[in-house]
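Residues per chain are reported as follows:
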Amino acid sequence: MKAKPVVPRELARQDVDEIIEYYLGEHAMQAALGFITALEQAYAHISRHPATGSPRYAHALNLPGLRSWQLKRYPHLVFYIEREDSIDVWRVLHGQRDIPAWISSDADPGNTH
């Protein structure tokens, strides 16, 4: 299967920035760098194998196509939808967050902004 480009939405980019800022604010440079590496690995994986992400939240929230992928060694999930020509990354959230709360404000799978 050909890899698809991973296209993070603005909220996903903000999530990543906030996570990195948190680690840096805790003086955890190695954790910040490790997070970036883990995120890059997750993006590479879902780019090549988008169907391997968990559909758990798609079923729970009635959002067909929504999948999540857990980062290695970090408690964060990448939420995405596979499109015909790309991977639409909605959010990058800590697994302990109230996942349904963000869905209520960004629940249009067709919205790409």
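Rules of the game
Residues numbered from 1 in each chain as written. Predicted model: local features only at pLDDT ≥ 70, side-chain atom pairs only at ≥ 80, totals over all residues. Heavy atoms only, no water. Buried < 20%, exposed > 50% of the residue type's maximum accessible area, 1.4 Å probe, protein only. Helix = DSSP H or I, 4+ residues; strand = E, 2+ residues; numbered from the N terminus. Pairing = 2+ DSSP bridges. pLDDT = per-residue confidence, 0-100. Contact = heavy atoms within 4.5 Å. Expected span 1.5 Å × (residues − 1). Arc of directions from axis to C-beta.

(A) Spatial organisation of the pairing of strand S4 (residues 87-94). In terms of burial, S4 is largely enclosed, as seven of its eight residues are buried. With three bridges connecting them, strand S1 (residues 6-8) and S4 associate as parallel partners. When the sheet's bridge partners are listed, Val6 is paired in S4 with Ile87. Bridge count between strand S3 (residues 76-82) and S4: seven bridges; the pairing is antiparallel. Bridging from a neighbouring strand, Leu77 pairs with Leu93 of S4.

(B) Molecular detail of the confidence of the model for the chain. For the chain, per-residue confidence averages 89 on the pLDDT scale, and 85% of positions sit at 70 or higher. Confidence drops under a pLDDT of 50 for residues 109-113, and excluding neighbours within four residues, the segment shows 13 contacts in the predicted structure.

(C) Molecular detail of helix H1 (residues 10-25). For H1, built from 16 residues, the straight-helix expectation of 22 Å at 1.5 Å per residue is met to within 8% by its first-to-last C-alpha distance of 22 Å. Residues of H1 that are buried: Ala12, Asp15, Val16, Ile19, Ile20 and Tyr23. Axial view of H1: buried residues confined to an arc of 125 degrees, hence all on one face. Counted as exposed and oriented over 90 degrees from the buried face of H1: Glu21, Tyr22 and Gly25. Residues of H1 that are buried in the fold lie against S1, helix H2 (29-48), S3 and S4. Within two residues after H1, His27 carries a phi angle of roughly 60 degrees, on the positive side.

(D) Structural context of H2. An ideal rise of 1.5 Å per residue puts 28 Å on 20 residues; H2 measures up with 29 Å between its terminal C-alpha atoms. Of the surrounding secondary structure, the elements contacted by the buried residues of H2 are S1, H1, strand S2 (66-70), S3 and S4.

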